[in-house]
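Overview (structure and organization)
The primary structure of each chain is shown beneath.
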Amino acid sequence: MTTQSANRNLLRLAALAIALGLGAALACAQTQQPPADDGPDPALANMAPADAAAAQQTVAPGQPDIQQQQAPGPVPQQAPAPIVRSAPAPDQSGQPANAAPGDDSYNAPPDTAQADDQIADGQQALDDADVSTDQAPPPLPDYDQPEAPGDNYMWTPGYWGYSPGGYYWVPGVWVVPPYYGGLWTPGYWGWYGGRYRWHPGYWGLHVGFYGGVNYGFGYIGTGYFGGYWHGNAFVYNRAVTHVGGNVGFDHVYNRTVVYNGRTFGPRPASRISYNGGRGGIQVAPRPGEYTAMHETHTAALPGQVRLHQNAAANPQAAFNANRGHVAGNLAARQAPLDANRPIANTQREFQPRAQNQPRSQQQYRPNPQPRQQSRPAPRPESHSASHDDKH
């Protein structure tokens, strides 16, 4: 080989090295970087825009946070979801000042069209749920969150369901969302008209009102801080979410959750499971949660409906049996739901399919009959997910 030929080869190798170096630098720049703790929390995007700016404000000194607003005195009333009001002071008869004799409810002030619209929206939610009781829901049990099974799964926290036989625990579970960008607003129990009423959860592009209940693992009582959507990839906050090796490295960050001057960990400090009533959480919807209420929603998916039905039929899930000490697969389902179901590209794409489903699949309704020993056992669901699953 001549000296000239050797020099040409060296120049080619140098150019190749430079090109590879630039490519690596570009790839590093495009890799999802963990958000800095001193900047805006990207999970604020999970709330509707009307609330995002307000969330950056610091709570005024002495102002109670969402888990400390438990007012003494008359039991506050909650209007149909998601409106929360306080009852008027009772008169000498013990009834609210504007209630009819023998009526344990109170009349909401009909002074504005907005109030009428809000009550109508809330009443529709009550009609859909159609379950209420005069028994306060039990405290939330303490349980471990299963490891995220892979990319783009959403955590839906456990909650107390109710049937004539009493309360039963519906386990938390990882779910494949219906569409990219989809977020889960948990259901909640709220007090109105002398009864605790269940307001079911739903899927949407923003997290709405869920009664201020701190379900843990990112659901701190308002919004969702367990992660955020970055295009068609969900990025998980390891600080409050159990993330392991099944989730891609570039889909994870670690950021302390601080909201309204208060720091939240993965487990709730308070286990109050209902809004309003005596001893319940006293918090009203924020502006952004009102906005989210009027957005397009998708009801619980068929897999979520089956999970609820199976819990209702399982004697071990009943509070009368477990006394609130729920563990293992009863507390949080280890296998995810709908592991092999593809995710729709947009909410608009998914809606026609959701609307074509039978009503029984769009919205669960707890069986009004008491649990009986002769009821057939729930069908086991076989779900599996691996790191190679693509969603």
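Quick look at the structure, then. (Residues numbered from 1 in each chain as written. Predicted model: local features only at pLDDT ≥ 70, side-chain atom pairs only at ≥ 80, totals over all residues. Heavy atoms only, no water.)

1. Notes on the overall build of the chain
- Of the regular secondary structure elements, the chain holds nine helices and 15 strands.
- The 391 residues of the chain split such that 49% are buried.
- Look at the contacts in the chain between residues 6 or more apart in sequence, and 72% of them connect residues 24 or more apart.
- A total of about 18800 Å² of accessible surface is found on the chain, and carbon and sulfur atoms cover 53% of it. (Helix = DSSP H or I, 4+ residues; strand = E, 2+ residues; numbered from the N terminus. Buried < 20%, exposed > 50% of the residue type's maximum accessible area, 1.4 Å probe, protein only. Contact = heavy atoms within 4.5 Å. Areas by Shrake-Rupley, 256 points an atom, 1.4 Å probe, with all protein chains shown as cover.)

2. A short note on helix α5 (residues 302-313)
- In this model, α5 (12 residues) spans 17 Å end to end at C-alpha, consistent with the 16 Å of a helix rising 1.5 Å per residue.
- Burial in α5 covers these residues: Gly303, Gln304, Val305, Leu307, His308, Ala311 and Ala312. (Expected span 1.5 Å × (residues − 1).)

3. Looking at the sheet that holds strand β10 (residues 227-230)
- Reading across from one edge, β10-β11-β12 is the order of the three strands in this open sheet, with mixed pairing throughout. Whereas interior strands pair on both sides, the edge strands pair on one side only; in this sheet they are β10 and β12 (252-253). (Pairing = 2+ DSSP bridges.)

4. Observations regarding the sheet that holds strand β15 (residues 274-275)
- On the basis of which strands lie adjacent, the open sheet formed by four strands has the order β1-β8-β7-β15 and mixed pairing. Both edges of this open sheet fall to β1 (132-133) and β15, since each of them pairs with a single strand only.
- The pairing of strand β7 (residues 188-192) with β15 spans two bridges and is classified as parallel. Pairing of Trp189 across the sheet is with Tyr274, part of β15.

5. Quick notes on the pairing of strand β3 (residues 159-163)
- Within β3, five of the five residues are buried, which leaves the element mostly enclosed by the surrounding structure.
- Because side chains alternate across β3, one face comprises the buried residues Tyr159, Gly161 and Ser163, and the other comprises Trp160 and Tyr162, equally buried.
- In this antiparallel pair of consecutive strands, β3 and strand β4 (residues 166-170), the connection spans two residues.

6. Quick word on the nonpolar core
- If you look at the biggest cluster of nonpolar residues, it comprises 62 residues, and the most contacted ones within it are Trp155, Trp189 and Tyr215.
- In terms of nonpolar packing, the next biggest core, distinct from the first, is built from 12 residues, Ala43, Leu44, Met47 and Tyr259 among them. (Core = buried A, V, L, I, M, F, W, Y, C linked by side-chain atoms within 4.5 Å.)

7. Thoughts on the pairing of strand β8 (residues 195-199)
- The pairing of β1 with β8 spans two bridges and is classified as antiparallel. Pairing of Ser132 across the sheet is with Arg197, part of β8.
- Note: β7 against β8, five bridges, orientation antiparallel. In the strand pairing of β8, Trp189 is matched with Trp198.
- The loop that links β7 with its antiparallel partner β8 comprises two residues; one of these, Gly193, has a positive phi angle of about 65°.

8. Some details on the packing of aromatic side chains
- Tallied over the full model, the rule gives 26 aromatic pairs.
- Measuring from centroid to centroid gives 5.4 Å for Tyr188 and Phe209, while their planes differ by 75°, and the two rings are edge-to-face. Taken together, the positions of Tyr188 in strand β7 and Phe209 in the loop between β9 (202-204) and β10 put the pair 21 residues apart, joining distant regions of the chain. For the pair Tyr188 and Phe209, a shared accessibility class is recorded, and that class is buried. (Phe/Tyr/Trp six-rings, centres within 6.5 Å; stacked < 30°, edge-to-face > 60°.)

9. Structural notes on the environment of Phe217
- Considering the arrangement of structural elements, one finds Phe217 in the loop between β9 and β10.
- Phe217 gets classed as buried once you look at its relative accessible area, which sits at 6%.
- Expressed as a C-alpha distance, the spacing of Phe217 and Pro157, which sit 60 residues apart in the sequence, is 8.0 Å.
- Those residues in contact with Phe217, other than ones at most four positions away along the chain, are Tyr143, Asp144, Gln145, Trp155, Tyr224, Gly226, Val240, Thr241 and Pro266.

10. Some words on the pattern of salt bridges
- For the structure on display, the rule yields five salt bridges.
- The shortest N-O distance in the salt bridge between Asp41 and Arg255 comes to 3.4 Å. Of the two residues, Asp41 sits in the loop between α1 (3-30) and α2 (49-55) while Arg255 sits in the loop between β12 and β13 (257-259), which places them 214 residues apart along the sequence. Accessibility assignment for this pair places Asp41 and Arg255 in one class, buried. (Salt bridge = Lys/Arg side-chain N within 4 Å of Asp/Glu carboxyl O.)

11. Considering unusual backbone geometry
- Residue Asn260 is not a glycine yet carries a positive backbone phi of 55°.
- Following the sequence through the fold, Asn260 ends up in the loop between β13 and β14 (262-264).
- Judged by relative accessible area, which is 21%, Asn260 ranks as partly exposed.
- Phi is positive for Arg323, which is not a glycine, with a value near 55°.
- Among the structural elements, Arg323 can be located in the loop between α6 (319-322) and α7 (328-331).

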